[in-house]
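Each chain, written out:
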Amino acid sequence: MNELIVKSESGGMELSSSALNILMKYEETLAALKTDYDELKKKLLLEMEKKNVIKVETGDIRINYIAETDREKFNSKAFRNEHPDLYDSYVDFVPVKASVRIALK
């Protein structure tokens, strides 16, 4: 695989066919793995609840059961709408590194 991005016939830029094929293969594989992983986690959760198991440790892995709970969440959108001056005085901006987002259509 030489170049990932190449000039298209219309003069714009596009992903090379080899890069596109590789990305599509990876995305499909990752999606399938994620589905399988999530299903295994769901089964583990159900079995841990059924057997009242809080923690399982084997070799290099530790699995902890986390019970359902309520979490306090601050509604920043409502606060911003109701108190824009206060909101602005407490907002900090932090740098975010550049990244690439890939999504299948």
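Residues numbered from 1 in each chain as written. Predicted model: local features only at pLDDT ≥ 70, side-chain atom pairs only at ≥ 80, totals over all residues. Heavy atoms only, no water.

J.: Explain the side chain of serine 16 residue by residue, including any values.
T.: By the element assignment, serine 16 lies in the loop between strand E2 (13-15) and helix H1 (17-50). Here serine 16 falls in the buried class, since its relative accessible area comes to 8%. Of the polar contacts made by the side chain of serine 16, one reaches the backbone oxygen of glutamate 3; its length is 3.1 Å. Only 3.2 Å separates the side chain of serine 16 from the backbone nitrogen of alanine 19, close enough to count as a polar contact. Among residues more than four places away in sequence, those in contact with serine 16 are Glu3, Leu4 and Val6. (Helix = DSSP H or I, 4+ residues; strand = E, 2+ residues; numbered from the N terminus. Buried < 20%, exposed > 50% of the residue type's maximum accessible area, 1.4 Å probe, protein only. Polar contact = N/O pair within 3.5 Å; in protein donor to acceptor, adjacent residues only side chain to side chain. Contact = heavy atoms within 4.5 Å.)

J.: Give a detailed account of H1, specifying residues and quantitative values.
T.: With 34 residues, H1 ought to run about 50 Å at 1.5 Å a step, and its terminal C-alpha atoms sit 49 Å apart, in line with that. Of the residues trailing H1, asparagine 52 is marked for its positive phi of about 55 degrees. (Expected span 1.5 Å × (residues − 1).)

J.: Provide a residue-level description of the pairing of strand E4 (residues 61-64), including the pertinent values.
T.: Of the strand pairs in this sheet, strand E3 (residues 55-58) and E4 are connected by four bridges, and their pairing is antiparallel. Across the sheet, residue valine 56 finds its bridge partner in E4, namely isoleucine 63. Connecting E3 to the antiparallel partner E4 that follows it, the hairpin turn spans two residues, and glycine 59 within it adopts a positive phi of roughly 55 degrees. (Pairing = 2+ DSSP bridges.)

J.: Describe the packing of aromatic side chains, with residues and values.
T.: All chains considered together, the criterion is met by one aromatic pair. Where phenylalanine 74 meets phenylalanine 79, the ring centres are 5.5 Å apart and the plane angle is 55 degrees; that geometry is what we call tilted. When its relative accessible area of 25% is taken as the criterion, phenylalanine 79 is described as partly exposed. (Phe/Tyr/Trp six-rings, centres within 6.5 Å; stacked < 30°, edge-to-face > 60°.)

J.: Requested: an account of unusual backbone geometry, with residues and values cited.
T.: Of note in this structure, asparagine 52 is not a glycine but carries a positive phi near 55 degrees. Here asparagine 52 lies in the loop between H1 and E3. Under the relative-accessibility criterion, asparagine 52 is labelled exposed at 68%.

None of this, on its own, says anything about what the molecule does.
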